[in-house]
Amino acid sequence: MKVSLNWLKNYVDIDVEINVLCDKMIMAGFEVESIEDLSEKMKNVVVGRVVSMAHHEDSDHLWVCQIDVGDKANLQIITGAQNVNEGDLVPVALHDSYLPNGAHIKRGKLRGKSSEGMLCSGDELCLKDCDYPGAEVDGIMILKADAGAVGTDMREVLGMFDFIIDFKITANRPDCQSVLGIAREASVVLEKEFKMPAPEYNSVGGDIGSHISVRVDNTDMCPRYYGRTVKNVRVKESPKWLKNCISSAGMRPINNIVDITNFVMLETGQPMHAFDMRYVKGNRIIVRNAADGETMTTLDGKAHTLSSDMLVIADGESPSCLAGIMGGLESEIREDTTEIFFESAKFRRDSVRRTARKLGIRTESSARFEHGVDILNVEYAMNRALQLIYDLDAGDIVDGVVDIATTLPKERELDVEVSKVNELLGIDIPGETMVRILNSLSIKTCEENGVLHCLIPSFRDDIESRADIAEEVMRIYGYDHIVGTDMTGTVIRGKKLPERIKTDAVKQLLVANGMFEITTYSFISGKAVDTLQLSDNDTRRQCVEILNPLGEEYSVMRTQLVSSMLSVLTTNYNRKNKDARFFEVSKVFVPKNLPITQQPIESPRLCIGMYGKDEDFFTLKGVVEELIGLFSKDVEFAFADEPYLHPGRQAMATVNRNTVAVFGEIHPKVATQYGLDTRVYVAEISLDVLFAIESPQLICKPLPKFPAVERDFALICDVEIPVAALESAIRAGAGKICEKIELFDVYTGDQIEKGKKSVAYRVTLRSGASTLTDEDIERAVDKIFKKLEAAGAVLRS
């Protein structure tokens, strides 16, 4: 909420520095996001009068001007503008001046003649016609006769001696989405009187019923609708003070009628709308739900298709306004408007939020309705608008009121014991101090027998209990009154759960392998599983759908991590990162049934993704094998059948016949869908299965006392036989004396029979009890040959 300090001073006497005010507001619970000094945007620019003009001797378009800026001597300034005449008042940038567009103006020479500054255009001062009439003219900005005496600082002319304070308003304080709400709080922290405007105006008689009829069909979405009529409307430019107020809030002044509605919204927090009665067909206003497929064009010129859950303000034929959001194009106030209908209403916040979100519209009005407006403030805001109509002579106010409302709320009573408030706060605040603070906050309070009797105003919906009263008292009394005390009790040393310890070990290993951890959303697109080529009956297609998703890309809860990993890898690849190694530890959500009637199963998973010139299938296999090795040495590998992986470059890892991981190269078709034209490798590990493996017992052995023997075996076997099966056969044949098995060659080619492969191992044998004899070695080798033959391998000749 941006608030002008000058505007704020209309309601409370502020006699402290801006920083002091902001510090006090912060301590009262209002975060200050920024303080903007408007005067710093411009320096050394004044009002000047063109005394004389002469053509430059060496130019056919430059003028040598003598400018009176209030000094004893005129300044000579050269300009190329052709719209300047003698006697004109113009903005003059003097030597060493700064303009809002960042320009620094110094004296200099043009075609041999000195120029002591520059005559400014509206564009150079960053002004529009709504900021100052004629600011957008092609040439120098010509000032009005009432701009002030020559030498007057242009910041004074433009109302720039002001501060704009941007307050961050919390969701529980919609009453402070207004200048009056901020002023009320400022008066409390400064201990000054809050000067609430009391609207007064005269009407011209007549009866509103002869001008318009109003009907509210949906009182649930519109609990109060209030209207007044103004005839003989005189649309004209708003006065300077009103335009300054509108501009200070970041809005564009338009004309006196529109500016009055915007001013009242900013001042009171109550949005209003003015209808041009010429375009209210049938002289009827109907507050109703839109029909499905009904269309309307809003003030911004955009056409919208409506649905039956949207509330509209319609005339006798069609919608004229999106309730609480934006008016229709035909309802806007024009220069020839002669009669208007003012609307001030309360619309249900969720209705406004839902409609604004569906149509992609967010306005100052909708923001206030979404936070909630005070139903009793509706009438005050209308009267304030009518007062401005009367004061600015903008029209004649017709007698009669349209006020359609459900039951209006009364002030809520809340009784709180003083002792209970102090007990909650932990300090002793006198009851009379609490009464003074609460009354200053417009909460009518008296104390009787140690009990606070509070009447809660309608604009403070957030106050419901003792805790709320305690908070109101404490934030004004001052948190600095709270005395620190030493903590008592015992401190229990925390410790990590076993799953967390295992997860940390996994992460440490992956980081040691040069990987970076990523975190992605658990919500993904419902189309993500399609990119993985999963079959129709694949259980991973059964996703939990989000009832109110942020968008289609976050519409379901994921049942796998691969699609998210591929998206991250794609982003890095498209950004020209030559290689990448990532991992993510997260959960997948598997529903027990659809539609869901109970919480889905949350299974912890690990996903690894990599690409680059040094990466291949065996690189990833090594990482997976090392990772599983933290928990078990009995890992076995076999062919996998995942549709998103390359059919010839994928595998699964199992421990105790339980699948722990599936990994491999991404299928070329999947890679194409993600825009990847390089080989990408991924693995998905079931951490719940991995962590369920009993940790291997650590056995310490003394250094070997006896020598080892190495034997090399070159074998021939079918290409389908995995090398893991051959290693198991060697280990079974060698028995206890097998210390190490090392695969050092795999060969297929012309010298090998088709369908066969050559596999070479180096086997290290060692006994812990004695030196191996030739007989021991021969027996072990014979057993190894027999086991290998049983596994389908023979010695290569």
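You'll find the structure just up there.
Residues numbered from 1 in each chain as written. Predicted model: local features only at pLDDT ≥ 70, side-chain atom pairs only at ≥ 80, totals over all residues. Heavy atoms only, no water.

A. The side chain of Ser564, seen in detail. Checked against the element boundaries, Ser564 lands in helix α15 (residues 562–574). Note on Ser564: relative accessible area 7%, which makes it buried. (Helix = DSSP H or I, 4+ residues; strand = E, 2+ residues; numbered from the N terminus. Buried < 20%, exposed > 50% of the residue type's maximum accessible area, 1.4 Å probe, protein only.)

B. The layout of surface pockets, seen in detail. Taken as a whole, the second largest pocket encloses approximately 990 Å³ of empty space. Looking at the second largest pocket, it is lined by 42 residues, and the ones nearest its centre are Asp131, Leu158, Gly159, Asn244 and Ser247. When residues of the lining of the second largest pocket are assigned to their parent elements, the largest contribution, seven residues, is made by helix α5 (residues 240–248). Grouping the constituent residues of the lining of the second largest pocket by class yields 20 nonpolar, nine polar and 13 charged. (1 Å grid on protein atoms, 1.4 Å probe; cavity = no way out; pocket = protein on both sides within 12 Å on 5 of 7 lines; lining within 4 Å. Points joined across faces, edges and corners; volume = space filled by probe spheres on them. Nonpolar A, V, L, I, M, F, W, Y, C, P; charged D, E, K, R; others polar.)

C. Summary view of the pattern of salt bridges. Evaluated as defined, the whole model comprises 49 salt bridges. Its salt-bridge partner being Arg234, residue Asp393 comes within 2.8 Å of it at the nearest N-O pair. Residue Asp393 is located in the loop between α9 (377–391) and β22 (396–397), and its partner Arg234 is located in the loop between β13 (224–231) and α5; the two are separated by 159 residues in the primary sequence. With its nearest N and O atoms 3.1 Å apart, the salt bridge here joins Glu584 to Arg558. Taken together, the residues span a long stretch of sequence, with Glu584 in strand β31 (residues 580–590) and Arg558 in the loop between β30 (556–557) and α15 at a distance of 26 residues. Accessibility assignment for this pair places Glu584 and Arg558 in one class, buried. One network of salt bridges, in which partners are shared, links Arg173, Asp175, Glu185, Arg460, Asp462, Glu472 and Arg475. (Salt bridge = Lys/Arg side-chain N within 4 Å of Asp/Glu carboxyl O.)

D. View of the environment of Leu414. Within the secondary structure layout, Leu414 lies in strand β24 (residues 412–417). Classification of Leu414 by relative accessible area gives buried; the value is 15%. Sequence spacing of Leu414 and Ile469 is 55 residues, and the spatial spacing of their C-alpha atoms is 9.1 Å. With residues near it in sequence (within four places) discarded, Leu414 still touches Leu452, His453, Cys454, Ile456, Ile463, Glu464, Ser465 and Ile469. (Contact = heavy atoms within 4.5 Å.)

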